[in-house]
Amino acid sequence: MAGLSDAPLIRSIAVPAVCLLIAFLGYFSQFLFYFSTTLEPGPPSPRETIIFNTLLAILYLTYFRTVLVDPGRYVFTEQVIEVDGKLRWCKKCEAPKPPRAHHCRHCARCVPKMDHHCPWTNNCVSMTTFPHFLRFLVYTNLSLWMLGYLLWQRYYSLWESRNLPAYLGPSLPALVALAALSLVGSVTSLALFIMLVNTVKSWVFNQTMIEGWEQDRHEAIADRGGRDWWDVTGPDGKKVRFERIEFPYDIGIFANMAQAMGTSNVLMWFSPLAGNPKVGKDGAGAGWTWEENGFNRKEGMWPPPDPEKIRRAARQQPTARRDFAAELRELDMSPEERKEAFKQRQEADMKRKRMLVAELEEVDGSDVGDGSDDSDGAVHDGDRGLDGAPGWTNTDGERLEDYGVDDEAEEDALDEDVPIAELIRRRKVLQRDHRDD
Ligand SMILES: [Zn+2]
Ligand SMILES: [Zn+2]
């Protein structure tokens, strides 16, 4: 599926193409069974007809809901959202990015609990669309198995009449149509069955496709490092600790399933008319925070950092750490004062930068460290994916971009990326707090 959703043609024809595929398998098959006078055992029974058409109607309904339901959006009021010291920041939305959200380049926004952007529904599978997507897959698979059963009946009759003269058997067009339906039907069944199994897995384990990828990468790096933790030097000279962590959102099978469906009423899970979880308002509630299982030493450790990415960033821009307090003080200064303060900061930055470059050259020059820093020496030359480009890929050669994630917006924003507008917002809140004291 990688990269498929990038082609504009695919994006515009995907939904009509899926509708056409459903019509071919669901209605052309019935047309053949009813009107071919030569295909035994004749039209399906009234009971079979009712079941099959009910399944088809539900399938269309759940498909359209998967396509049309909004993947969710974060609405920010003036409130400041701080995430436990480590703020994830989306450069594209210019807003904080709550846990489990990713910026989708097709939906052009941060999507709550983004699973992947599905080219066949031209929509994100997310916190809000997941129940519809799961129901769509369930009813599609049921419909396809029913179609398989109806086709099998016709093949069985063919086998039964194998000793009859050929002119008494089905006509050539009927046989061609039967073969075409069987071929398209089996390819579709296989693809959608695999999709169903993967989706049920992510439902039961409460782990999105993207998080599955992150976990694979995390385990690969941890195994290669061969120890429980080590420090990596970040772009600002700050140490970032890499340590083995557990996936935190698996809070128990039933709780996982109820959370994803937005209700613990099991009867509603497969109702095609049931709703979906809604993103909370005012920076709180569903979609903003997620319950964790407490297996890690603290909350908010997911996603685990990618040491290679941090090192790459450090090599590219060894800039000094920003002094937020100084920037805020400057807002109240006269232009001359501000100029002077800027000069001073620039000088201090240059000094630190020179020191850091020297330090980095030292680290990069010696492949075998003293064991305290960057000790996963094997990946010092840079991680490369299966396609040869920098960065990690899973065993299918997939990168996060292949799930629709905007990789540029995905950089784990250490505080450096917080723009001045957010700082001003923070300051307003701080001042308000002071007045309240
Ligand atoms: Zn975003
Ligand atoms: Zn999307």
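Thresholds, definitions, all that
Residues numbered from 1 in each chain as written. Chains lettered and ligands numbered in written order. Predicted model: local features only at pLDDT ≥ 70, side-chain atom pairs only at ≥ 80, totals over all residues. Heavy atoms only, no water. Helix = DSSP H or I, 4+ residues; strand = E, 2+ residues; numbered from the N terminus. Expected span 1.5 Å × (residues − 1). Buried < 20%, exposed > 50% of the residue type's maximum accessible area, 1.4 Å probe, protein only. Contact = heavy atoms within 4.5 Å. Salt bridge = Lys/Arg side-chain N within 4 Å of Asp/Glu carboxyl O. Donors = N, O, S within 2.8 Å, 3.2 Å for Na, K, Ca; no water. Tetrahedral: all angles 85-135°; square planar, octahedral: opposite > 155°, others 65-115°. Phe/Tyr/Trp six-rings, centres within 6.5 Å; stacked < 30°, edge-to-face > 60°. Lys NZ or Arg CZ within 6 Å of the ring centre and 35° of its normal. Patch = residues over 30% accessible without salt bridge, like charges linked within 9 Å, V, L, I, M, F, W, Y side chains within 5 Å. Areas by Shrake-Rupley, 256 points an atom, 1.4 Å probe, with all protein chains shown as cover. Core = buried A, V, L, I, M, F, W, Y, C linked by side-chain atoms within 4.5 Å. UniProt positions renumbered as here; feature names shortened; annotations may be inferred. Axes fitted to C-alpha atoms, helices over the stretch in contact; angles between N-to-C directions. Parallel < 35°, antiparallel > 145°, perpendicular 65-115°, else oblique. Left-handed = near helix turned anticlockwise from the far one by under 90°. Nonpolar A, V, L, I, M, F, W, Y, C, P; charged D, E, K, R; others polar.

**Student:** Which residues make up helix 5 (residues 209-225), and what values go with them?
**Tutor:** For helix 5, which comprises 17 residues, the first-to-last C-alpha distance of 24 Å matches the rise-based estimate of 24 Å (1.5 Å per residue) to within 8%. Of the residues flanking the end of helix 5, it is Gly226, one or two places downstream, whose phi is positive at about 70°.

**Student:** A description of helix 2 (residues 46-68) should follow, citing residues and the corresponding values.
**Tutor:** With 23 residues, helix 2 should cover 33 Å at 1.5 Å per step; its first-to-last C-alpha distance of 33 Å lies within 8% of that length. Among all positions in helix 2, only Glu48, Thr49, Phe52, Leu55, Leu56, Ile58, Leu59, Tyr60, Thr62, Tyr63, Thr66 and Val67 are buried. On its buried side, helix 2 packs onto helix 1 (8-35), strand 6 (123-125) and helix 3 (130-160).

**Student:** Which residues make up the pattern of salt bridges, and what values go with them?
**Tutor:** Side chains bearing opposite charge may pair, as long as their charged atoms lie close to each other. Under the defined criterion, the tally for this structure stands at 8 salt bridges. One salt bridge connects Asp70 with Arg109, and the closest N-O pair in it is separated by 3.0 Å. Taken together, the residues Asp70 in the loop between helix 2 and strand 1 (89-90) and Arg109 in strand 4 (residues 109-111) connect sequence positions 39 residues apart.

**Student:** How would you sum up the coordination of the zinc ion (ligand 1)? Please name residues and give values.
**Tutor:** When a metal holds four donors in a tetrahedron, each ideal angle between them is 109.5 degrees; when it holds six in an octahedron, the ideal angles are 90 or 180 degrees. Those donors, Cys90 (SG), Cys93 (SG), His103 (ND1) and Cys110 (SG), are the protein atoms that reach the zinc ion (ligand 1), and they lie 2.0 to 2.3 Å from it. Its 4 donor atoms give the zinc ion (ligand 1) angles of 101 to 129° at the centre, a pattern that matches the tetrahedral case. What makes His103 buried here is its relative accessible area of 4%.

**Student:** Please set out the packing of aromatic side chains residue by residue, giving values where relevant.
**Tutor:** Applying the stated criterion to the full structure yields 16 aromatic pairs. Measuring from ring centre to ring centre gives 5.5 Å for Trp203 and Trp269, while their planes differ by 75°; the resulting arrangement is edge-to-face. Taken together, the positions of Trp203 in helix 4 (residues 172-205) and Trp269 in helix 7 (residues 266-269) put the pair 66 residues apart, joining distant regions of the chain. One aromatic cluster in this structure is built from Phe24, Phe28, Phe31 and Phe35. Here the basic side chain of Arg100 rests over the ring of Trp290, its NZ or CZ set 4.9 Å away from the ring centre.

**Student:** Quick one: what's the story with a nonpolar patch on the surface, residue by residue and with numbers?
**Tutor:** Together, Leu142, Trp145, Phe193 and Val197 give the surface a local cluster of nonpolar side chains, amounting to about 370 Å² of exposed area. Looking at the nonpolar patch, the elements with two or more residues in it are helix 3 and helix 4. Given a relative accessible area of 40%, Val197 falls into the partly exposed group.

**Student:** Before we move on, could you go through the nonpolar core and cite the residues and values that matter?
**Tutor:** Counting residues in each nonpolar core, the largest one holds 43 residues, and the members touching the most others are Leu32, Tyr63, Leu137 and Trp203. If you list the elements that add at least two residues to this core, you get helix 1, helix 2, helix 3, helix 4 and helix 6 (253-261). By residue number, the principal contributor to this core is helix 3, which donates 12 residues. Tyr74, Tyr249, Trp288 and Met301 belong to the second largest nonpolar core, which has 14 residues in total.

**Student:** Can you explain unusual backbone geometry? Please cite residues and give values.
**Tutor:** Cis rather than trans, the peptide bond between Glu40 and Pro41 has omega equal to 0°. In this structure, Pro41 sits in the loop between helix 1 and helix 2. For Ala108, which is not glycine, the phi dihedral falls at a positive 55°. Following the sequence through the fold, Ala108 ends up in the loop between strand 3 (102-104) and strand 4. Residue classification places Ala108 among the exposed residues on the basis of a relative accessible area of 57%. A positive phi angle is found at Lys113, which is not glycine, with a value near 45°. You can see Lys113 is positioned in the loop between strand 4 and strand 5 (116-118). Note on Lys113: relative accessible area 9%, which makes it buried.

**Student:** Tell me what's going on with the coordination of the zinc ion (ligand 2), and back it up with residues and numbers.
**Tutor:** Taken together, the protein donors to the zinc ion (ligand 2) comprise Cys104 (SG), Cys107 (SG), His117 (ND1) and Cys124 (SG), at separations of 2.0 to 2.3 Å. Geometry at the zinc ion (ligand 2) is tetrahedral, judged from its 4 donor atoms and the angles of 103 to 114° they form at the metal.

**Student:** Hey, could you go over the UniProt feature "transmembrane region" (unreviewed entry) in the protein for me, with residue numbers and the actual values?
**Tutor:** According to UniProt, the "transmembrane region" (unreviewed entry) feature falls on residues 12-35, 50-68, 133-152 and 172-197. Here residues 172-197 runs as 100% helix and 0% strand, with 37 Å between its end C-alpha atoms.

**Student:** I'd love a proper account of the packing of helix 1 against helix 3, names of residues and values included.
**Tutor:** Axis separation between helix 1 and helix 3 bottoms out at 11 Å; the angle between their running directions is 25°. Relative to helix 3, the element helix 1 lies roughly parallel. The hand of the helix 1/helix 3 crossing is left-handed. Seen from helix 1, the contacting residues are Leu25, Ser29 and Phe33; seen from helix 3, they are Leu144, Leu147, Leu150, Leu151 and Arg154. Along the lines of polarity and charge, the residues of the contact of helix 1 with helix 3 split into 6 nonpolar, 1 polar and 1 charged.

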